[in-house]
Amino acid sequence: MVGSIDNDFCGTDMTIGNDSALHRIIEVVDAIMTTAQSHQRTFVLEVMGQHCGYLTLVSALACGADWVFLPELQANVEHLTEKMKTSIQRGLVLRNENCNENYTTDFMYQLYSEEGRGIFDCRKNVLGHMQQGGAPSPFDRNFGTKISAKAIQWISRKLKECYRKGRVFANTEDSVCLLGMRRRAFVFQPVMQLRDEMDFNHRIPKEQWWLKLRPVMKTLAKYKTSYDISDSGQLEHVHVR
């Protein structure tokens, strides 16, 4: 079973603890956006996630962010500058902590501050370990309970199947499994079969279902774009050998 706030493992659509961290981010961003609205400011926020941007993208969708940081930086700055000249006088940019070693949170803060001079103020905030604290969400509590019960039932069944003359012989491929949730169903998957699905250098799956939500975020932020469902779900900055 996978416990990770980053949702960064293959074989499961959700990891235990991810939903709780997402709730924590939403609470903090909602509080910050009150100031953004009242003071006509843009906030650049750094969100955890290692090389996995699930928390960044999904929290951006929930909070109405203007951008989740990817390489298309100049177009984003121009879009936000034009937006702040309208009646919608607040901006929000979420940046994954490891998205780019050069485009840091400080760099983006300075960039938006300079480009927005005379139009809007800019502030930055690194959410940090606030995302990991607090009580688990109802989803994570139920998810952890259900998946644990399934795991114990599976272990008990395997022990009976592999028990011979006082010893346990569990040396088949399906005796080491990852229990994950795929399309709302709990699925046991042999770990050996998941090796080809994992990018071990960046500790993320090679394909991630949530990356297909990026066009939705662009549409909600009023970019001129279309919802293209043909997206492969692969990260652009990760080079798979």
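Residues numbered from 1 in each chain as written. Predicted model: local features only at pLDDT ≥ 70, side-chain atom pairs only at ≥ 80, totals over all residues. Heavy atoms only, no water.

**Brief notes about the pattern of salt bridges**
Then comes step 1: Tallying each qualifying case throughout the model produces 10 salt bridges.
Then comes step 2: As a salt-bridge pair, D106 and K124 come within 2.1 Å of each other at their nearest N and O atoms. Placement of D106 in helix α4 (residues 105-115) and of K124 in strand β4 (residues 121-126) is noted, with a sequence separation of 18 residues between them.
Then comes step 3: Exposure remark for D106: the relative accessible area of 39% places this residue in the partly exposed category.
Then comes step 4: K124 gets classed as partly exposed once you look at its relative accessible area, which sits at 40%.
Then comes step 5: For R182, the salt bridge is made with E197, and the minimal N-O distance between the two is 3.3 Å. One end of the pair, R182, is in strand β7 (residues 177-182); the other, E197, is in the loop between α6 (191-194) and β9 (198-199), with 15 residues separating them in the sequence.
Then comes step 6: E197 gets classed as partly exposed once you look at its relative accessible area, which sits at 33%.
Then comes step 7: Several salt bridges converge on common partners, so that one network encompasses R157, K158, E161 and D174. (Salt bridge = Lys/Arg side-chain N within 4 Å of Asp/Glu carboxyl O. Helix = DSSP H or I, 4+ residues; strand = E, 2+ residues; numbered from the N terminus. Buried < 20%, exposed > 50% of the residue type's maximum accessible area, 1.4 Å probe, protein only.)

**Some details on helix α1 (residues 18-39)**
Then comes step 1: With 22 residues, α1 should cover 32 Å at 1.5 Å per step; its first-to-last C-alpha distance of 32 Å lies within 8% of that length.
Then comes step 2: Just downstream of α1 lies Q40, where phi reads positive at about 55 degrees. (Expected span 1.5 Å × (residues − 1).)

Everything listed is a geometric property; what it means functionally is a separate question.
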